Amino acid sequence: MKRRDLLRAGVLTGAVAALQPPRSIAHATAQGSSAPSELTPAQRGIDASKDLAAPGWKPLFLDEHQNETLIALSDLIIPATDTPGAKDALVNRYIDLVMAVETHENQKSFLGNLAYIDGESMRKYKNTFRYLSREDQDDLLHSIAYPLAGSTWTGQEAGADPGYTNFEQLKTHVGVAYYTSQIGMKELGRDDNFTHGVYQGCDHTDGSHK
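Residues numbered from 1 in each chain as written. Predicted model: local features only at pLDDT ≥ 70, side-chain atom pairs only at ≥ 80, totals over all residues. Heavy atoms only, no water.

**Overview of the pattern of salt bridges**
And then number 1: The full count for this structure, using the stated rule, is four salt bridges.
And then number 2: Across the pair Arg 134 and Asp 75 runs a salt bridge whose closest N-O atoms are separated by 3.0 Å. Of this pair, Arg 134 sits in helix H6 (residues 134-144) while Asp 75 sits in helix H3 (residues 64-77), and the two are 59 residues apart along the sequence.
And then number 3: The buried category is assigned to Asp 75, whose relative accessible area is 17%.
And then number 4: Its salt-bridge partner being Glu 168, residue Lys 171 comes within 2.9 Å of it at the nearest N-O pair. With Lys 171 and Glu 168 both in helix H7 (residues 162-179) and three residues apart, this pair spans about one turn of that helix. (Salt bridge = Lys/Arg side-chain N within 4 Å of Asp/Glu carboxyl O. Helix = DSSP H or I, 4+ residues; strand = E, 2+ residues; numbered from the N terminus. Buried < 20%, exposed > 50% of the residue type's maximum accessible area, 1.4 Å probe, protein only.)

Set out below in structure tokens:
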């Protein structure tokens, strides 16, 4: 599966902004003002993403089985090639961090996505996804990676396709997590060089500028 097919350019903006403290909060902190106690760690300027690479990391939201299932899934969706893959980018840890503060509805939806994959794995292979061989894991994902098509012979339209829907949602989570990581951003071409030249202000002093 091609990495570029996972997401398009505007998907990343919200995820990147979520890890940044608002400018007004950061300015107030720099001035020594006390922030309200209800502010989140991110709003207080704490970058929790730095904890993701800690040796003793443990998931906040996922249980051990769900976390291992997510690692296996993400490694198949964005495998390491000539560049690091989702496993190297700690995609599972990023998703766990985000899900820990998501709404109950979104948490339930994500766990439902994972449970569907396990359900299909049990139905076809009599074992959960994380314990399948990589070949069987890949075959299972390929079987749900494309939407059902209607019949051109009978004219019957395609019905609901829960496999495709659940897998697409998981791919979106993995794709956003990967391409907002340092590894993923470098693959998109980011080089941390933010030189934009000298700012040229308006030099019209007679009010003629429109």
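**Quick look at the nonpolar core**
And then number 1: The biggest cluster of nonpolar side chains holds 31 residues, and the ones touching the most others in it are Val 91, Ile 95, Phe 110, Ile 117, Phe 129, Leu 141 and Val 174.
And then number 2: Broken down by secondary-structure element, the contributors of at least two residues to this core are H3, helix H4 (91-99), helix H5 (104-125), H6 and H7.
And then number 3: When residues of this core are assigned to their parent elements, the largest contribution, six residues, is made by H7.
And then number 4: Dropping the residues within four chain positions of it, Ile 117 is found in contact with Leu 73, Phe 129, Leu 140, Leu 141, Ile 144 and Leu 170. (Core = buried A, V, L, I, M, F, W, Y, C linked by side-chain atoms within 4.5 Å. Contact = heavy atoms within 4.5 Å.)

**Points about the packing of H3 against H7**
And then number 1: It is the contact of H3 with H7, at a shortest axis distance of 10 Å, that shows an interaxial angle of 85 degrees. Here H3 is positioned roughly perpendicular relative to H7, judged by the angle of their axes. Of the residues in H7, those in contact with Leu 70, Leu 73, Ser 74 and Ile 77 of H3 are Phe 167, Leu 170, Lys 171 and Val 174.
And then number 2: Residue composition of the contact of H3 with H7, by class: six nonpolar, one polar and one charged. (Axes fitted to C-alpha atoms, helices over the stretch in contact; angles between N-to-C directions. Parallel < 35°, antiparallel > 145°, perpendicular 65-115°, else oblique. Nonpolar A, V, L, I, M, F, W, Y, C, P; charged D, E, K, R; others polar.)

**Digging into unusual backbone geometry**
And then number 1: A positive phi angle, near 55 degrees, is found at Leu 90, a position not held by glycine.
And then number 2: For Leu 90, the location among the structural elements is in the loop between H3 and H4.
And then number 3: According to the relative accessible area criterion, Leu 90 is partly exposed, its value standing at 23%.
And then number 4: One non-glycine residue, Lys 126, lies in the positive phi region at around 60 degrees.
And then number 5: Exposure remark for Lys 126: the relative accessible area of 66% places this residue in the exposed category.

**Section: the packing of aromatic side chains**
And then number 1: The full count for this structure, using the stated rule, is one aromatic pair.
And then number 2: Ring centres 4.9 Å apart and planes at 90 degrees place the aromatic pair Tyr 178 and Tyr 179 in the edge-to-face group. Neither Tyr 178 nor Tyr 179 differs from the other in exposure class; each is buried. (Phe/Tyr/Trp six-rings, centres within 6.5 Å; stacked < 30°, edge-to-face > 60°.)

**Section: H4**
Each full turn of the α-helix corresponds to 3.6 residues, which orients residues three or four apart in the same direction.
And then number 1: Buried residues dominate H4, accounting for eight of its nine residues.
And then number 2: When we look at burial in H4, the residues that qualify are Val 91, Asn 92, Arg 93, Tyr 94, Ile 95, Asp 96, Leu 97 and Met 99.

**What about the confidence of the model for the protein chain?**
And then number 1: Looking at the protein chain, the pLDDT average stands at 78 and 63% of residues meet or exceed 70.
And then number 2: Here residues 1-31 scores under 50 on pLDDT; set against residues more than four positions off or in separate chains, the count is 44 contacts. (pLDDT = per-residue confidence, 0-100.)

**Considerations on the side chain of Asn 113**
And then number 1: Locating Asn 113 in the fold gives a position in helix H5.
And then number 2: A polar atom in the side chain of Asn 113 sits 2.9 Å from the side chain of Asn 166.
And then number 3: When near neighbours in sequence (up to four residues on either side) are disregarded, Asn 113 contacts Asn 166, Gln 169, Leu 170 and His 173. (Polar contact = N/O pair within 3.5 Å; in protein donor to acceptor, adjacent residues only side chain to side chain.)

**Some points on the packing of H5 against H6**
And then number 1: Two numbers describe how H5 lies on H6: the axes approach to 11 Å, and their chain directions differ by 110 degrees. Taken together, the axis directions place H5 and H6 in an arrangement best described as roughly perpendicular. Read as a crossing pair, H5 and H6 show a hand that is right-handed. Listed contacts from H6 to Ile 117, Glu 120, Ser 121, Lys 124 and Tyr 125 of H5 are Asp 136, Asp 139, Leu 140, Leu 141, Ser 143 and Ile 144.
And then number 2: A per-class count over the contact of H5 with H6 returns five nonpolar, two polar and four charged. (Left-handed = near helix turned anticlockwise from the far one by under 90°.)

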